[in-house]
Amino acid sequence: MQALARVVTRHPWAVLLVWALAALLSIPFAARAPGALSAGPSTLTDTESARVTTLLREEFGEQDTNTVLLLTRSEPPLTTPQGQAAYDAFVTGLEAVPGVTRVVRAQAGSTLSTRTADGVQALTLAQIPLLDGATETLDRVRAYVKTVDRPALDIRVTGGQAIADDFTHYAEADTKRSELTALPLIALLLVVVFGALVATGLPLVVGVLSITVAMAGLYGLTRVTEVSTFAQSVITMLGLGAGIDYALLMVNRFREELKAIPATTERSAAPRSQEHSAAAAARTVLTAGRSVIFSGSTVAIAMAGLIVPPVEVIRSLGIGGVLAVLLTVLASVTALPALFTILGERINSPRVVKIGWAQRGGASAGWTAFARRVTARPWIGLLGGAGVLLLLSLPAFGMRTGYAGAWGLTPGLESRDALADVRTLGAGGLLSQFEVILDLKGERYTPNQRAQFQSTVDSLRGLPGVKGVLSPFVTPADLASAGGNTEGIAALSTLTRRSFSQGRTYLRVTVIPDDTLKAEQIPAFEARLRAALDASGYTYALGGAPIGGQEWSRAITGTLPTVIVAVFAGTFLLLMVAFRSILIPLKSIVMNALTVGAAVGVVTLVVQDGFLASFLGFPQDVGVLDATLPVLLFAVMFGLSMDYEIFLLSRVQEEYLRTGDNDEAIVQAVGHTARIITSAAIIMLIVFVAFIFGRVVASMSIGLGLAVAVVLDATLVRLILVPSFLKLAGKWNWWLPKWMDRRLPHVVLEH
């Protein structure tokens, strides 16, 4: 640390030049990062649905199984020559869009109607590539629609690809809007805290620097692996929230050091000022900088827990989070001290506001008195606080996870709103098709097997909730489900070709539900399908978008125990080294876990169950939490909660080592740190609340969860639960076996 302090304060301009070059070089790559991120369930390898996709491609020659749904409203209707002519021209142009391989026109009078009887509404289907080229083709379809959309023929686009692309687009837009909303509010708060414009600007500089470079690193990561769209939200939240918190700590300490270090009597005023500020900046690095590094390490450990599970998208979130934290810490202990050295006393200018409670140093009389009242009745604080957290955690036990699809977007977006009309037409099941592959174990299909095959199809067709089954054993309803022509040999021929593999060793059946299945409805529908297939005597594989979403959800939620164990173990070891204690790390883990549980419980209550959803701007029909939310919320919440833990406990330890009085150390620590914890919490709260007012429910849920966590952590936990526990534990807070004390490295924390 001394070497770092020496380099930064002796060569401040060089340090700032390096950061300026890094930021400038990062800007082009950071701008490209959002467009390279992925949304929705990703393709997992070695899963049942992945095997089905591979078989469809290799054995059945199916390349373009991705369906775009185009909902048209015609005035005059299609029942008139003018309306039909306008619609025909639209379809002809759609067929010419590069990447569109097949267009299925709307029809009326079938079981699965894709056109209303009055001819006003109609549904047109366009097939596009499944993976490579899907987004580009959809962009071309949407661009074409804009050229032909008019009052006489209003066109809206939806479908699985449209919904996933909207996730990515609006997640990026929401992140940018949140940044623009939060920064002015944070600046206003920092003006209140610091009272000077220069000091106010420094934390914002750290946040912008770390976010810019981290987003460029994220873009580099997308070149080698799939990266979730939530990664940009994580980087923004950590960069702004934690970065500004650390800068707040550093700036406060530097201003104290400027007052505490006497100026030297050199030959001129300018050298004295430079030497004075350099000494204060160096002392800041050695004290607050050390705490920043340690606090950042706890957050990095929590985010690194996401790297452990063998799921690439979760690993990408972990790498992005670790990258953001490390860059934030690095900027805090290099760029900030360099600016301190150059600015010196000018950090306190121009003075624009002076508020005593926010800006004066030393212990707060009000918070000190509050701490005495809490520690006078520790059992009430401990049991009452824990009871509140446990009560808030209860809804989390009923949490359901999955891919919310269109319901993961807020009303008012085209891909979600158009789906409502698709369902009104009775065609909602087109977005929830199940693909069944029957494996003949290398034997070619013969007419002798027709009865067994037809019996299997009939059993699937008779299941509750099934709209139609696409197979060679067609009914008019099945042909309508395929969007085919109920009259003519061509439609029957198409169905026959799609039902047999090229070697006739696999059979294919497509099951279409009677409506779009929400995530919580899929398991029951899947169970009915599997029961029928198990009784068929065939070896089978079940795939399609609903199965892929379920597999994705199970893969993500299955990583949670591994992440929890990894984070708990790393955090325990780090805190044990820092505080020379066995009990304090255990206490910290339990209380932070309670905070996370309470926040997840609130998110479940609002997002899944709809409690106060309308008031907070959430849709009331989401039904599930995005599968990535539990693991992501745990890592980010747990890591950020440790910041306040270290702020408070390091001061308790400092006071205890100075006086040997455990009770008074607790009171004095709360008195000295409550103000900075409160200020830091308000800053983080602003950042997180800004994400609640978005259009992607998953990002909104992250913002809500973190906002609840920071409020609980900075009030109930740090100011009531922790002091109460430390009071009751007494001298056992600092107990460590002697043999362990001799072997552990020594770390000194000050702030």
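For the structure itself, consult the block above.
None of these values were measured; they are calculated from a predicted model.

Engineer: For this particular structure, what's the right way to read helix H8 (residues 230-260)?
Structural biologist: Because an α-helix completes one turn every 3.6 residues, residues spaced three or four positions apart along the sequence face the same direction. In a regular helix each residue adds 1.5 Å, so 31 residues correspond to 45 Å; H8 covers 44 Å between its end C-alpha atoms and thus fits that length. Buried residues dominate H8, accounting for 27 of its 31 residues.

Engineer: Hey, could you run me through helix H16 (residues 414-424) in this one?
Structural biologist: Of the residues making up H16, those classed as buried are Ser415, Arg416, Ala418, Leu419, Asp421 and Val422. In this structure, the buried residues of H16 make contact with strand S1 (66-74), strand S3 (121-128), helix H5 (134-148), strand S4 (153-158) and helix H6 (160-194). Immediately beyond the C-terminal end of H16, within one or two residues, lies Gly426, with a positive phi of roughly 85°.

Engineer: I'm lost on the sheet that holds strand S8 (residues 506-513) in this one. Help?
Structural biologist: Backbone-to-backbone hydrogen bonds join strands into a sheet, with any given pair of strands oriented parallel or antiparallel. Read from one edge to the other, the open sheet built from 4 strands follows the order S7-S8-S6-S9, with strand pairing classed as antiparallel. Of all the strands in the sheet, just strand S7 (466-470) and strand S9 (539-543) have a single pairing partner and so form its edges. Averaged over all adjacent pairs, the angle separating strand axes in this sheet is 20°, with direction ignored. In the sheet, S7 pairs with S8 via 4 bridges, with the strands oriented antiparallel. Its bridge partner being in S8, Gly468 is matched across the sheet by Ile512. Lying on the sheet, helix H3 (residues 48-58) is in contact with strand S6 (434-439), S8 and S9; it crosses S9 at an angle near 100°. Packed on one face of the sheet, helix H20 (residues 522-534) meets S6, S7, S8 and S9 and runs near 165° to S9.

Engineer: How should I be thinking about empty space enclosed by the protein in this particular structure?
Structural biologist: Empty space among the atoms becomes apparent when a probe as large as a water molecule is rolled across them. Considering all chains together, one arrives at 3 cavities of 30 Å³ or more under this definition. Looking at the second largest cavity, its volume works out to about 70 Å³. Residue lining of the second largest cavity: Val636, Met637, Leu640, Ser641, Tyr644, Met684, Phe688, Leu706, Ala709, Val710 and Asp713, and that is the complete set. Elements that contribute at least two residues to the lining of the second largest cavity include exactly helix H25 (629-659), helix H26 (662-692) and helix H27 (697-729). Here the element with the most residues in the lining of the second largest cavity is H25; it accounts for 5 residues. When its residues are assigned to classes, the lining of the second largest cavity shows 9 nonpolar, 1 polar and 1 charged.

Reading guide: rules and limits
- Residues numbered from 1 in each chain as written.
- Predicted model: local features only at pLDDT ≥ 70, side-chain atom pairs only at ≥ 80, totals over all residues.
- Heavy atoms only, no water.
- Helix = DSSP H or I, 4+ residues; strand = E, 2+ residues; numbered from the N terminus.
- Expected span 1.5 Å × (residues − 1).
- Buried < 20%, exposed > 50% of the residue type's maximum accessible area, 1.4 Å probe, protein only.
- Contact = heavy atoms within 4.5 Å.
- Pairing = 2+ DSSP bridges.
- Axes fitted to C-alpha atoms, helices over the stretch in contact; angles between N-to-C directions.
- 1 Å grid on protein atoms, 1.4 Å probe; cavity = no way out; pocket = protein on both sides within 12 Å on 5 of 7 lines; lining within 4 Å.
- Points joined across faces, edges and corners; volume = space filled by probe spheres on them.
- Nonpolar A, V, L, I, M, F, W, Y, C, P; charged D, E, K, R; others polar.

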